[in-house]
Amino acid sequence: MRTKQRANYGMKSLVQQIAAAISKNIDKGIYRKNEKLLSINTYSKQHGVARDTIEKAYMILKREGYIRSVSGKGYFVIGKPDVRIKVLLLFNKLSSYKKTVYDTIVRTLGDKAKVDLHIHHYNPALLEESVDANLGSYHYYVIMPHFFDYSNEQEYLAILKKIPSDQLILLDKDLPKLSKQAAVFQDFRNDIYGALNVVTDLIAKYEKLIIIYPLDRHHPPEIKDGVMQFCEENNKKFEVITAFKVDELKRGTVYIVLTENDLADLIKGARISGYEIGKDIGIISFNETVFKELLDITVITTDFEEMGRKTAELMLQNEAAVIKNAFKIIIRKSL
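All figures in this text were calculated on a predicted structure; none of them were measured in a lab.

Here is what the cut-offs are and how they apply
Residues numbered from 1 in each chain as written. Predicted model: local features only at pLDDT ≥ 70, side-chain atom pairs only at ≥ 80, totals over all residues. Heavy atoms only, no water. Salt bridge = Lys/Arg side-chain N within 4 Å of Asp/Glu carboxyl O. Helix = DSSP H or I, 4+ residues; strand = E, 2+ residues; numbered from the N terminus. Buried < 20%, exposed > 50% of the residue type's maximum accessible area, 1.4 Å probe, protein only. Pairing = 2+ DSSP bridges. Right-handed = clockwise from strand over helix to strand, strands pointing away. Arc of directions from axis to C-beta. Contact = heavy atoms within 4.5 Å.

### Some points on the pattern of salt bridges
Summed over the entire model, instances satisfying the criterion amount to 14 salt bridges. Among the ionic pairs, Asp103 bridges to Lys99, the shortest N-O distance being 2.7 Å. Within this pair, Asp103 and its partner Lys99 are both found in helix α4 (residues 96–109), separated by 4 residues, close to a single helical turn. Put simply, Lys162 and Asp132 hold a salt bridge, and the shortest N to O gap is 2.9 Å. Of this pair, Lys162 sits in the loop between α6 (153–160) and β6 (168–173) while Asp132 is found in helix α5 (residues 124–134), placing the two residues 30 residues apart along the sequence.

Put into structure tokens, the structure is as follows:
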């Protein structure tokens, strides 16, 4: 009796999975209004699923108003035009830049979607909790795959593979090992390498580049790789430090800063030491803000509004493209 109950439960689960998969494709516009679905026999043969399982799934869809049956012709899509796209955003942290991405996604999707936001705090275990709790509940899962430096790559790739590939969009960072996966990303290594090459003449007067890379902030390590590559090719000394100290400020150095706090400390340190920014030391900061513009700080930055807009458009157009987001350097007096 118990064996029979377990078998029935498994069959019921498979029926629901098939019905949910088809309904999501109807919601997303993959199956369009009046389009004919595969016949029960054809679906059964193509997917290796029992005929009565497919029939029960079609009955659920018919009952819920997704499809209709026409005697002697088959099953056709009705669609649910009032159903909004359901989107789960899984960001690594909250910041002003992430808020810009979030706001742009929500604004671009408008009333065509319902958007929820979760934070995984760089922790694969928290990501897995959110994925497991919400799998099957959303049309799209938009994930920023930034994790602790010591995170196991195979572990978080396995978590992401739980999500059907046509429902997953990677944001901010691409993962090439997830082949054919939709993404709107930054190429951190090549972006910073390319940006530094734009200002080679301005960097020529400096002997060394130092990147301030806080250990507890989990920035992409590819940033360091890009700076190192530039220094090797241009015969510049290179150093990575985890914290800035005023008494260690070095003349003839370009400082690359990733956080607002380090930027503030660096500017204060230059004033205390009597060093002129843009002459004795250079400063390049990550990500544009109004304050950096007012302070005349050179920045290398991506376009976060464009990132959010392109991500939303992938969902609205039901595309699976891999898009490199725009990246640029804004040259100011700090260099």
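Picking up where we left off.
### Some points on the pairing of strand β8 (residues 208–212)
Burial runs high along β8: 5 of the 5 residues are buried. Judged from the 5 bridges that link them, β8 and strand β9 (residues 237–241) form a sheet pairing that is parallel. In the sheet register, Ile212 faces β9, and the bridge partner there is Ile241. Chirality of the crossover, the property in question, places the unit of β8, helix α9 (residues 222–233) and β9 among those that are right-handed.

### Description of α5
Here α5 has its buried residues at Pro124, Leu127, Ser130, Val131 and Asn134. Each buried residue of α5 lies within a common arc of 125 degrees when the element is viewed along its axis, so the set occupies one face. In α5, the exposed positions that point more than 90 degrees away from the buried face belong to Glu129 and Ala133. Elements in contact with the buried residues of α5: β3 (85–91), β4 (113–119), β5 (140–143) and α6. Just downstream of α5, Gly136 is the residue with a positive phi angle, here 90 degrees.

### Concerning the environment of Phe230
As for its placement among the helices and strands, Phe230 is situated in helix α9. Along the sequence, Phe230 and Ser69 sit 161 residues apart, while their C-alpha atoms lie 64 Å from each other. Contact partners of Phe230, with chain neighbours within four places excluded, come to Tyr193, Leu196, Asn197, Thr200, Ile203 and Leu209.

By themselves these figures say nothing about function.
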